[in-house]
Amino acid sequence: MLLNTFDPYKPAAIDWPALDTASWERLTGLPFWHIAVTTEGDAAACMNAIAEDSEDPLIREAIALNAFEEQRHKNVLENMIRHYGIRIGAEPPYPRPADAEWAYLKTGYGECFDSFFAFGLFRVAKDSGFFPPELVEVFEPIIQEEARHILFFVNWRAYMRVHKPLLPSVIFTAQSVRAVLNRAVDRMKFAREDNNNSNLTVKGHEGLGIDLTPRAFMELCLQENERRMARYDPRLVRPQIVPRFVRTLRPLLGRRS
Ligand SMILES: [Fe+2]
Ligand SMILES: [Fe+2]
């Protein structure tokens, strides 16, 4: 699936649209460009490592492609930052993780959280005109690539669990649970910290200046998640943890609109 749905776009060929002052201020004022760039850099390093460690040549090729796409996301963001004169902090190094499998579990589940909310945020930004349509078009393939990545990741995880011998499989499952909890706590901390300024994940739509109840936003994330996943082979396992969690919490989130 990952190899067959590769989109060969080139970051250098992107024709960045001219923005009016208000759009430019909105874009450059978003607080998350630094974290977006470093997240892509870390994801690329982690996926290169797990690709190197993968014995199955087809899995290695697919994860190496995933690493290439993360690096390409980073390149797109860097080109955009340069083009529009966005200022971000100094970049850290991206070392190879010591334990590639553990790093990929954390990165994969991290992407499951981030992508789910990014799907909703992107839809809000598109419908509200926060981003002009030309810019939405540039970012659309990146968002869809993240949908492919999390779909690939949960299927990789399911496959590895079945193909490992009993004891390593039990350890792998325990590590997976640990990685989900690690990412959930991390993202909750981030959302809470972010209450102090503008924010990116759960409450990110407020940063876009859109009046949407938390419940309406979660409904939108669920819808977008389904729409983006619907185009792939129905036999593949779907990322379920975050959608299930949100569906369970939905009644506690108050009114729909
Ligand atoms: Fe990415
Ligand atoms: Fe990704």
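For the structure, see preceding data.
What comes next is a walk through the structure. (Residues numbered from 1 in each chain as written. Chains lettered and ligands numbered in written order. Predicted model: local features only at pLDDT ≥ 70, side-chain atom pairs only at ≥ 80, totals over all residues. Heavy atoms only, no water.)

Turning our eyes to something else, we now look at the overall build of the protein chain. When you go through the protein chain residue by residue, the secondary structure sums to nine helices and zero strands. Helices and strands appear in the protein chain in the N-to-C order α-α-α-α-α-α-α-α-α. Scaling as 2.2 N^0.38, a compact globule of 257 residues should have a C-alpha radius of gyration of about 18 Å, and the protein chain matches this with 18 Å. Taking the principal axes of the C-alpha coordinates as reference, the protein chain spans close to 60 × 45 × 35 Å. Burial status across the protein chain gives 49% buried among its 257 residues. Considering only residue pairs separated by 6 or more positions, the protein chain has 84% of its internal contacts joining residues 24 or more positions apart. When the accessible area of the protein chain is evaluated, it comes to approximately 13,400 Å², of which 57% is carbon and sulfur surface. (Helix = DSSP H or I, 4+ residues; strand = E, 2+ residues; numbered from the N terminus. Rg over C-alpha atoms; globule rule 2.2 N^0.38 Å. Buried < 20%, exposed > 50% of the residue type's maximum accessible area, 1.4 Å probe, protein only. Contact = heavy atoms within 4.5 Å. Areas by Shrake-Rupley, 256 points an atom, 1.4 Å probe, with all protein chains shown as cover.)

As a further point, take the coordination of the iron ion (ligand 1). Coordination sphere of the iron ion (ligand 1), protein contribution only: Glu-40 (OE), Glu-40 (OE), Glu-70 (OE), His-73 (ND1) and Glu-146 (OE), at 1.9 to 2.8 Å. In this structure, the iron ion (ligand 1) lies 3.5 Å from the iron ion (ligand 2), and both are coordinated by Glu-70. Of this pair, Glu-40 sits in helix α2 (residues 33–53) while Glu-146 sits in helix α5 (residues 133–163), and the two are 106 residues apart along the sequence. Of the two residues examined, Glu-40 and Glu-146, each falls in the buried class. (Donors = N, O, S within 2.8 Å, 3.2 Å for Na, K, Ca; no water.)

Moving on, we get to the coordination of the iron ion (ligand 2). Coordination of the iron ion (ligand 2) by the protein involves Glu-70 (OE), Glu-111 (OE), Glu-111 (OE), Glu-146 (OE) and His-149 (ND1), with metal-donor separations of 2.0 to 2.7 Å. Here the donor residues of the iron ion (ligand 2) share one chain and are spaced in sequence as E-x40-E-x34-E-x2-H. Its relative accessible area of 0% is what places Glu-70 among the buried residues. Taking relative accessible area as the criterion, His-149 reaches 1% and is therefore assigned buried.

Our focus in this paragraph is the packing of helix α4 (residues 100–128) against helix α9 (residues 241–249). Where α4 contacts α9, the axes come no closer than 9 Å and their chain directions differ by 55°. When the interaxial angle is binned, α4 and α9 end up oblique. Where α4 abuts α9, its residues Tyr-109, Cys-112, Phe-113, Phe-116 and Phe-117 lie against Ile-241, Val-242, Pro-243 and Val-246. (Axes fitted to C-alpha atoms, helices over the stretch in contact; angles between N-to-C directions. Parallel < 35°, antiparallel > 145°, perpendicular 65-115°, else oblique.)

Our focus in this paragraph is the pattern of salt bridges. Scanning the entire structure with this criterion turns up 17 salt bridges. We note a salt bridge from Glu-52 to Arg-96, for which the minimum N-O separation is 3.3 Å. Residue Glu-52 is found in helix α2, and its partner Arg-96 is found in the loop between α3 (57–84) and α4; the two are separated by 44 residues along the sequence. For the salt bridge of Glu-140 with Arg-228, the shortest nitrogen-to-oxygen distance reads 2.9 Å. Taken together, the positions of Glu-140 in helix α5 and Arg-228 in helix α8 (residues 214–229) put the pair 88 residues apart, joining distant regions of the chain. (Salt bridge = Lys/Arg side-chain N within 4 Å of Asp/Glu carboxyl O.)

Moving on to the side chain of Asn-66. Along the chain, the position of Asn-66 falls in helix α3. What makes Asn-66 buried here is its relative accessible area of 1%. What Asn-66 contacts, discounting residues up to four positions off in sequence, is Leu-2, Met-47, Tyr-104, His-149 and Phe-152.

Another point: the nonpolar core. Trp-16, Leu-27, Trp-33, Ile-63, Met-80, Tyr-104 and Trp-156 are the most contacted members of the largest nonpolar core, which totals 72 residues. Listing elements by their share of this core, those giving two or more residues are α2, α3, α4, α5, α6 (166–193), α8 and α9. Counting residues per element, this core draws most heavily on α4, which supplies 15 residues. The contacts of Trp-16, once residues within four sequence positions are left out, are Val-76, Asn-79, Met-80, His-83, Tyr-84, Leu-135, Val-138 and Phe-139. (Core = buried A, V, L, I, M, F, W, Y, C linked by side-chain atoms within 4.5 Å.)

Here we take up the layout of surface pockets. The calculated volume of the largest pocket comes to roughly 1,200 Å³. Lining the largest pocket are 41 residues, with Ile-35, Ala-36, Thr-39, Glu-40 and Asp-114 positioned closest to its centre. Within the residue set of the lining of the largest pocket, elements represented by two or more residues are α2, α3, α4, α5 and α6. Top contributing element to the lining of the largest pocket by residue count: α4, with 13 residues. Its residues assigned to classes, the lining of the largest pocket shows 24 nonpolar, six polar and 11 charged. (1 Å grid on protein atoms, 1.4 Å probe; cavity = no way out; pocket = protein on both sides within 12 Å on 5 of 7 lines; lining within 4 Å. Points joined across faces, edges and corners; volume = space filled by probe spheres on them. Nonpolar A, V, L, I, M, F, W, Y, C, P; charged D, E, K, R; others polar.)

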